[in-house]
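Commentary on secondary and tertiary structure
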Number of protein chains: 2
Amino acid sequence: MGEKKFINLVDTTLRDGSHAVSHEYDVKQVKAIISGLDKAGVRYIELSHGDGLAGSSYNYGWSKTSEEELLKAASDVIENGKLTVLLLPGIGTVEDLKMACNYGAKVVRVATHVTEADISEQHIGMAKKLGMMAVGFLMMTHMVPVEKVVEQAKLLESYGADYVNIADSAGAMLPEQVTDRISAVVDALNVPVGFHAHNNLTLATANSLSAIKAGATFIDGACRGLGAGAGNAQIEVLAGLLQKLGYKTGVDFYKIMDVAEDVVEPIMKRPQVVCNAPLMLGYSGVYSSFLLHTYNAAKRFNLDPRDILVELGKRKMVGGQEDMIIDVAYELSKNRG
Amino acid sequence: MGEKKFINLVDTTLRDGSHAVSHEYDVKQVKAIISGLDKAGVRYIELSHGDGLAGSSYNYGWSKTSEEELLKAASDVIENGKLTVLLLPGIGTVEDLKMACNYGAKVVRVATHVTEADISEQHIGMAKKLGMMAVGFLMMTHMVPVEKVVEQAKLLESYGADYVNIADSAGAMLPEQVTDRISAVVDALNVPVGFHAHNNLTLATANSLSAIKAGATFIDGACRGLGAGAGNAQIEVLAGLLQKLGYKTGVDFYKIMDVAEDVVEPIMKRPQVVCNAPLMLGYSGVYSSFLLHTYNAAKRFNLDPRDILVELGKRKMVGGQEDMIIDVAYELSKNRG
C-alpha cells in the first residue's frame, strides 16, 4: 500500500441542498456558508439552483434570490476554494455559463442522464474556452450496465472534461455496485473520477467510501447531508472518517462540523432523514420527479403507490416519461382484477 | 452460492429507542408499536428501559410507565413475535428477570461490557431455568482485539446462550472491522451470531450488511433508527434492502414502513439525525455517558471537548472511569501551555 491519494471533497450544500430549502437561500446565508466552508478548507464549493443554472422556474421551483446575486455574494467571500456551478443542458445554456463565469465561478459541472453525455459537449467546450475547469457529470448511473457508464464517461473525457463525476441520483446503489462502476471508469479514463451519493438506502457514506477505495478522488457531500429527497453524503462525517482512515482532504474536521451545526442546521427547514417516500425511490431506483405523478395514479386506480414505483423501476423509466405512469397503473390494476 | 440464510430482524424501537423518547413510552404507544411490528412479521421485539430491566432510576432516567405495565400491555397484543427484554447485570437482577418472564417475556438479552461476559452467567442460567431463550450480548466490541471478542463470546456460549450478539455500541466501527469480528465469532461458535449497530458514523446499515455477509443471522434495528445518540440501523430500510438482496426475513417491507411512518414517527421527540456530539463519540469510539463530564471538563480547562474525547478514545476508557476525564483534561491543558 503506497501513500493514500488526496481526496477532494466537493460541497453541494448550496446546490443539491437548495432543493431541501425550497431554493430559498438568501445572500446572507450564502455568504455565511461559503465563508465557513472556505475557511474549513473545502476546495470545491457548488452553488446553483438545485436543478442547475437557470433552474429557477415554475417547473423546478422558483429561487428566492437570483443566481447572479448569490454568485456575486459567494465571490465576495470565497478565498481559497473554487466556486463551482452545476449546469444541466436543456435547463441551463451557454449564456448562463458565461454569466456564472462573469460572477466568479471557476468550475462548471455539466450534468446529463447517464446515456446522454453527448449533449454536454458544447458546454464543456465553452467552459474550457472561458478558462474554467469543466466536469462531466453522469446522473442515474445505476440504470445501465457498467460498460455503458464507461462508454459515456469516455465521451466526456473526449470533450475535455477535467474529471468525470458518477452519480447515484436515486440513491439506489449498494457498495459493491459503486465499486464496479467506479473501478471500471477509473481504469478506462486518464482524468480523475468522482462520485455523488444519495442516502435513500442509508448507504451514502458507505458508498462514498467504496468509491474512494475503487479509485475516486472527488467526492460530493453536503453539510448534514442536505439535498433532494434523502439527501447526500454528510460531508462533515466524510471529513472525519477520511481523517480516521489516513486520507488527506485539506478539510479541517472540527471546522466543517461547526459549519454544519452552527451555520447550516439553523437554516434547514426539515431534518434530513430517510422517510418512506425517498426510501421507496431508492428501493425501486426511480427518479424523484415520478413521485407526485405516481401518487396521483395510485389514487385514481386504487393501487399502492409503492407497487407502481417498483414497476417503473423494473421498466427503467427515465425523466420525461412521466406520462407512462398512467399506463403502468392501468396495467397493474387490470392484472390485479 | 447456496440459498441465503434466513435473517432474524430484532426490533429495538421500544428498548434502545426508549432513550430517544426519554423513557416516556406509555401503554397506548407500546400496544400500537408492538401490534404493528407483530403484524409486520417481526419475530423478536425488544421492550425494556433503554438501559435494560430496572433501568428506571435517577442515574439512567425515570420511565414514565413501569416495566410491569408496559410488558403486560405488550403481552396483551403480541401474537406471533417473541417479546424480548434486555438485562444489564448490575442494573437488572434475576428478580427483574422473573418478573419479565411472568409478564410474558420469552427472550432475554443479557448485556455486558465486551470484557465482562462472566457476570452474565447466572442470568443466562436463570433464563434457561425459566424456559426462556437467552442471548449473550457484548457491548463496545470495537475496543478490544478480535481474539478478545471471540474469547468472551465463547464464554457466553458455554453459559448456554442461544445466540451471541456483538454490539458496536459507540457506532465506531467501519464495515471491515465488523466483518473481522463477526466472521471470527461465527467461526468459533456453534450457536448463531447477531449484530447491533449504531449510526454515529452513518454506517449502521452498511455495517449490518457486512455482518450478514460475515455470517450473522440476527440483526438489530429500530423503526426510523430510533435509539440512543445517533440511533440504530433503520429496520424498515434493512427489511427493504434484504428483500432486494434476496434474503428472507419474514418481515413485510410495506407493513414495517407503515409502522415506522404512521406509528413511530408521530411519537418521536426529535429526528434521528447525526449531529456533532454523536459523530464525535463515533469518531473517538467513546461511550455516550462520557459526554456531559467531557463538556464540563472542557469548560473548566478551556479546552475543545472534542480533543478530550479523542484522548479518552485513545486511552480506551470504559464506563465507570468518568472521574478520569478531569485528569485527562488537566494533562491536555498542561501540554498545551
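These numbers come from a predicted model, not from an experiment. (Residues numbered from 1 in each chain as written. Chains lettered and ligands numbered in written order. Predicted model: local features only at pLDDT ≥ 70, side-chain atom pairs only at ≥ 80, totals over all residues. Heavy atoms only, no water.)

1. Some remarks on the UniProt feature "binding site: Mn(2+)" (unreviewed entry) in chain A
Residue and element names in this part refer to chain A. Applicable threshold: UniProt positions are given in the numbering used here, feature names are shortened, and annotations may be inferred rather than shown by experiment. For cavity detection a 1 Å grid was placed over the protein atoms alone, and a set of points counts as a cavity when a 1.4 Å probe fits there but cannot get out; an open set counts as a pocket when protein lies on both sides within 12 Å along at least five of seven lines, with lining residues being those that have an atom within 4 Å of a point. Under the scheme used here, helices are H or I runs from DSSP no shorter than 4 residues and strands are E runs no shorter than 2 residues, and both carry numbers assigned from the N terminus. Residue contacts are defined here by distance: any two heavy atoms, one from each residue, within 4.5 Å place the two residues in contact.
Residues given the UniProt feature "binding site: Mn(2+)" (unreviewed entry) here are Asp 16, His 196 and His 198. These residues run over 183 residues, yet every pair of their C-alpha atoms falls within 10.5 Å of each other. Of the residues named above, Asp 16, His 196 and His 198 line the second largest pocket. Among the secondary structure elements, Asp 16 is positioned in helix H1 (residues 16–20). When near neighbours in sequence (up to four residues on either side) are disregarded, Asp 16 contacts His 196, His 198, Leu 226, Gly 227, Ala 228 and Asn 232. Its place among the elements puts His 196 in strand E7 (residues 193–196).

2. Brief notes about the environment of Ala111(A)
All names here are of chain A. Spelled out, the test is: Each residue gets one of three labels from its accessible area relative to the maximum for its type: buried under 20%, exposed over 50%, partly exposed in between, using a 1.4 Å probe on protein chains only.
Relative to the assigned elements, Ala 111 resides in strand E4 (residues 107–113). On the accessibility criterion, Ala 111 (2% relative accessible area) is buried. In the structure, Ala 111 is positioned 27 residues away from Leu 138 in sequence and 5.8 Å away in space, judged by C-alpha atoms. Filtering out sequence-adjacent residues up to four positions away, Ala 111 remains in contact with Leu 86, Leu 87, Leu 88, Pro 89, Phe 137 and Met 139.

3. Section: the pairing of strand E1 (residues 8–14) of chain B
All names here are of chain B. Condition: Strand pairing is assigned whenever DSSP identifies at least 2 bridges connecting the two strands.
For E1, the buried fraction is high: seven of the seven residues fall into the buried class. With four bridges connecting them, E1 and strand E8 (residues 218–221) associate as parallel partners. In the strand pairing of E8, Val 10 is matched with Asp 220. Pairing of E1 with strand E2 (residues 44–47) involves three bridges; the strand directions are parallel. Bridge assignment links Leu 14 to a residue of E2, and that residue is Leu 47.

4. Here's the deal with the interface of chain B and chain A
Our working definition: Summed over both partners, the accessible area lost on bringing two parts together, with a 1.4 Å probe, is the buried area. The working definition used for a salt bridge is a side-chain nitrogen of Lys or Arg within 4 Å of a carboxyl oxygen of Asp or Glu.
Across the contact, 39 residues belong to chain B and 39 residues belong to chain A. Taking both partners together, chain B and chain A bury about 3300 Å²; carbon and sulfur atoms supply 60% of that area. Looking at the side of chain B facing chain A, the largest losses of area belong to Tyr254(B), Asn276(B) and Tyr283(B), adding up to 20% of the total buried there. Linking chain B to chain A there are four salt bridges.

5. Here we look at the sheet that holds strand E3 (residues 82–87) of chain A
Residue and element names in this part refer to chain A. Selection criterion: Interaxial angle, 0 to 180 degrees, is taken between N-to-C directions of lines fitted to C-alpha atoms, where a helix line uses only the stretch in contact.
Overall, parallel pairing links the eight strands, which are arranged E1-E2-E3-E4-E5-E6-E7-E8 in a closed barrel. The mean angle between the axes of side-by-side strands here comes to 25°, regardless of whether they run parallel or antiparallel. Bridging between strand E2 (residues 44–47) and E3 involves three bridges; their strand directions are parallel. Residue pairing for E3: Ile 45 is matched across the bridge by Leu 83. This element, helix H6 (residues 146–158), spans strand E5 (133–139) and strand E6 (163–167) of the sheet and lies at about 160° to E5.

6. What about the packing of helix H13 (residues 305–314) of chain B against helix H14 (residues 324–336) of chain B?
Residue and element names in this part refer to chain B. Our working definition: Should an angle fall under 35 degrees it is called roughly parallel, over 145 degrees roughly antiparallel, and 65 to 115 degrees roughly perpendicular, with every other angle called oblique. Note on convention: near helix rotated counterclockwise from far helix by under a right angle means a left-handed crossing. Clockwise means right-handed. Any residue that is not Ala, Val, Leu, Ile, Met, Phe, Trp, Tyr, Cys, Pro, Asp, Glu, Lys or Arg is counted as polar, Gly included; the first ten are nonpolar and the last four charged.
Interhelical geometry of H13 versus H14 gives an angle of 115° and a closest axis separation of 10 Å. With respect to their mutual orientation, H13 and H14 come out roughly perpendicular. Crossing angle aside, the handedness with which H13 passes H14 is right-handed. Contacts between H13 and H14 involve Asp 307, Ile 308, Glu 311 and Leu 312 from the first element and Ile 325, Val 328, Ala 329 and Leu 332 from the second. For the contact of H13 with H14, a count of residues per class yields six nonpolar, no polar and two charged.

7. A word on the UniProt feature "binding site: substrate" (unreviewed entry) in chain A
Residues and elements named next belong to chain A. Basically, it comes down to this: Between N or O atoms, a polar contact is any pair within 3.5 Å; within protein, one atom must be a potential hydrogen donor and the other a potential acceptor, and residues adjacent in sequence are included only when both atoms are from side chains.
Sequence positions flagged by UniProt for "binding site: substrate" (unreviewed entry) are, in local numbering, Arg 15, Asp 16, Ser 169, His 196 and Tyr 287. Checked against the lining of the second largest pocket, the annotated residues reduce to Arg 15, Asp 16, Ser 169, His 196 and Tyr 287. Here Ser 169 lies in the loop between E6 and helix H7 (175–188). Not counting chain neighbours up to four residues away, the residues in contact with Ser 169 comprise Met 139, Met 140, His 198 and Tyr 287. In terms of polar contacts, Ser 169 uses its side chain to reach the backbone amide nitrogen of Met 140, at 2.9 Å.

8. Some thoughts on the domain arrangement of chain A
How big an interface is tends to be expressed through the accessible area that disappears when the partners come together. Residue and element names in this part refer to chain A. To keep it simple, the criterion reads: What counts as a domain boundary in this text is fixed by an automatic or database domain assignment.
Each assigned domain of chain A is listed here: domain 1 (8–267) and domain 2 (286–336). Each of domain 1 and domain 2 has a C-alpha centre, and the two are 29 Å apart. Taken together, the contact between domain 1 and domain 2 spans five residues of the former and five residues of the latter. Our count for the contact surface shared by domain 1 and domain 2 stands at zero salt bridges. Summed over the shared surface of domain 1 and domain 2, the result is zero residue pairs in polar contact (both at pLDDT 80 or more). Residues belonging to the side of domain 1 that touches domain 2 are distributed by class as follows: three nonpolar, two polar and no charged.

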